[in-house]
Amino acid sequence: MIRNVKCAIFDLDGTLFLGKDRIEGASEALHMMREKGIKILFLTNAGTRSREGVAEKLRSRGFEANADEVYCGSYIVAKYIAMHLPGKKVYVVGEPGMVEELNAAGIETSDDAGIVVGCLDRQINYEKLGKAHMLIRHGAEFIASNKDHTFPTEHGSMPGAGAIVAAIEFSTRRSALVVGKPNPYAFTLMKEEKGLKASETLMVGDRLDTDIAFAKNCGIKSVLVLTGTSKKEEIKEKGLNPELILETVAGLPKELGIMPKEKPTA
Ligand SMILES: [Mg+2]
C-alpha cells in the first residue's frame, strides 16, 4: 500500500496502452483516482506529437485528458531550450509535433541553426542526417527528447528515437543531451507549473531505465507495471527498485487505498 499520494504521473506506451490496444481497466483506474482528488499527469518521452496531439490520442483511447496535463518529449525539449538556450534557432530531425511545440514556445526552426534536436522521425533520410551532422560539426548544440532503444506497438517493438539519435552521435562523435526521462527536468517543470511536492508524487511506468530511473532522480515514489518493456527479473540486474510492482495499472487504485464503488445490486 502506498499512502499520501496527491499526484500520479503516468507513462503512456506500455503503461496505459500498447500501440492501439488499451490496457484493460486502465481508464477506469485513472477515473477512480481523479474522483478521489488525485491529480493526474501524463509523461511520455515521445516527441512526435504536440501536447494537444497527445491529449487527443489519450481521449481516442478512452482516457480523460487535457493538453495541460500532458508532458511529452516535444514540450519538454521546447521548454528546456526556451529556458536554457534562448534566442537560438533549431534544426529538427523529428516530426511536426516537435516543430509545433518549439514554435509555441517562441523558438524558430531553420536549416541554419545553433541547435539540433533529435527525435523519432519516421520520415528520416540521409539528407536530414547530413544536415544535422554538418550543423553539429560546426558547433551546434545537440539535444534529444530521449534515447529509447525501442517503443512498444501492438505488433511488438519498433526502433525508437534512440536509434536515430545514435546515428547522428556516431557520425559526429558527440553525445546528445537527453532532456526527457530519466532526466529529472520534466519534474522541475511540473513543480513550477503545477506546484507538486516530491513526497506526494508517484510515477507509474513500464521501463526501469526511463520511468523508474526518472522517479529515483526526482526523489519520488514509483510503481513498475509489467504490461510493457521491463520484466521483473531485470530489477535486480539494473538496481532500480520501484516501491511497488503491479501486473497492470488496473490494480493501482486498490494499492492507493481507493476501493471501487460497490455496484448496486438490482
Ligand atoms: Mg512506456
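It should be emphasised that the depicted structure is a prediction, and the values quoted were computed from it without experimental measurement.

Peer 1: Give a detailed account of the sheet that holds strand E8 (residues 141–144), specifying residues and quantitative values.
Peer 2: Spatial ordering of the open sheet is given by E6-E7-E8-E11, a layout of four strands whose pairing is parallel. Here the strands that pair on one side only, and so sit at the sheet edges, are strand E6 (90–93) and strand E11 (177–178). Strand direction decides the pairing type here: E6 and strand E7 (residues 115–118), joined by four bridges, are parallel. The residue bridging Val92 from the neighbouring strand is Val117, located in E7. Relative to E8, helix H3 (residues 73–84) is tilted by about 150°, and along the sheet it contacts E6, E7, E8 and E11.

Peer 1: Describe the domain arrangement of the protein, naming the residues involved and giving the relevant values.
Peer 2: As far as domains go, the protein holds domain 1 (7–45 + 181–255) and domain 2 (74–178). Across the boundary between the two partners, domain 1 contributes 18 residues, which contact 15 residues of domain 2. Each partner contributes to the roughly 1400 Å² buried at the junction of domain 1 and domain 2, and carbon and sulfur atoms together form 54% of this total. On the domain 1 side of the interface with domain 2, the three residues burying the most area are Asn45, Tyr185 and Arg207, jointly 38% of the side's total.

Peer 1: So what's going on with the sheet that holds strand E4 (residues 39–44)? Which residues, and what values?
Peer 2: One open sheet holds the six strands; their spatial order is E5-E4-E1-E12-E13-E14, and the pairing between them is parallel. Where the open sheet ends on each side, the last strands, each with one partner, are strand E5 (70–72) and strand E14 (244–246). Here the strands of the sheet are splayed against their neighbours by 20° on average, with no regard to which way each runs. Judged from the four bridges that link them, strand E1 (residues 7–10) and E4 form a sheet pairing that is parallel. Paired with Phe10 across the two strands is Phe42, which belongs to E4. Of the strands in this sheet, E1 and E4 are in contact with helix H1 (residues 26–35), which crosses E4 at around 140°. Those strands touched by H3 are E4 and E5, and its axis lies near 75° from that of E5.

Peer 1: Give me the lowdown on the environment of Glu127, citing residues and values where you can.
Peer 2: Here Glu127 is to be found in helix H5 (residues 126–137). Judged by relative accessible area, which is 62%, Glu127 ranks as exposed. Taking C-alpha positions, Glu127 is 44 Å from Ala198, a pair spaced 71 residues apart along the chain.

Peer 1: Describe the pattern of salt bridges, and please don't skip the residues or the numbers.
Peer 2: This model, assessed by the stated rule, comprises 15 salt bridges. Where Lys181 meets Asp11, a salt bridge forms, and the shortest distance between an N and an O atom there is 3.0 Å. Here the residue Lys181 occupies a position in the loop between E11 and helix H7 (185–194), and Asp11 occupies one in the loop between E1 and strand E2 (17–18), the gap between them amounting to 170 residues. Classification of Asp11 by relative accessible area gives buried; the value is 6%. Through salt bridges with shared partners, a single network forms among Asp11, Lys181 and Asp211.

The rules behind each value
- Residues numbered from 1 in each chain as written.
- Predicted model: local features only at pLDDT ≥ 70, side-chain atom pairs only at ≥ 80, totals over all residues.
- Heavy atoms only, no water.
- Pairing = 2+ DSSP bridges.
- Helix = DSSP H or I, 4+ residues; strand = E, 2+ residues; numbered from the N terminus.
- Contact = heavy atoms within 4.5 Å.
- Axes fitted to C-alpha atoms, helices over the stretch in contact; angles between N-to-C directions.
- Domains from an automatic or database assignment.
- Buried area = accessible area lost by both parts, 1.4 Å probe.
- Buried < 20%, exposed > 50% of the residue type's maximum accessible area, 1.4 Å probe, protein only.
- Salt bridge = Lys/Arg side-chain N within 4 Å of Asp/Glu carboxyl O.

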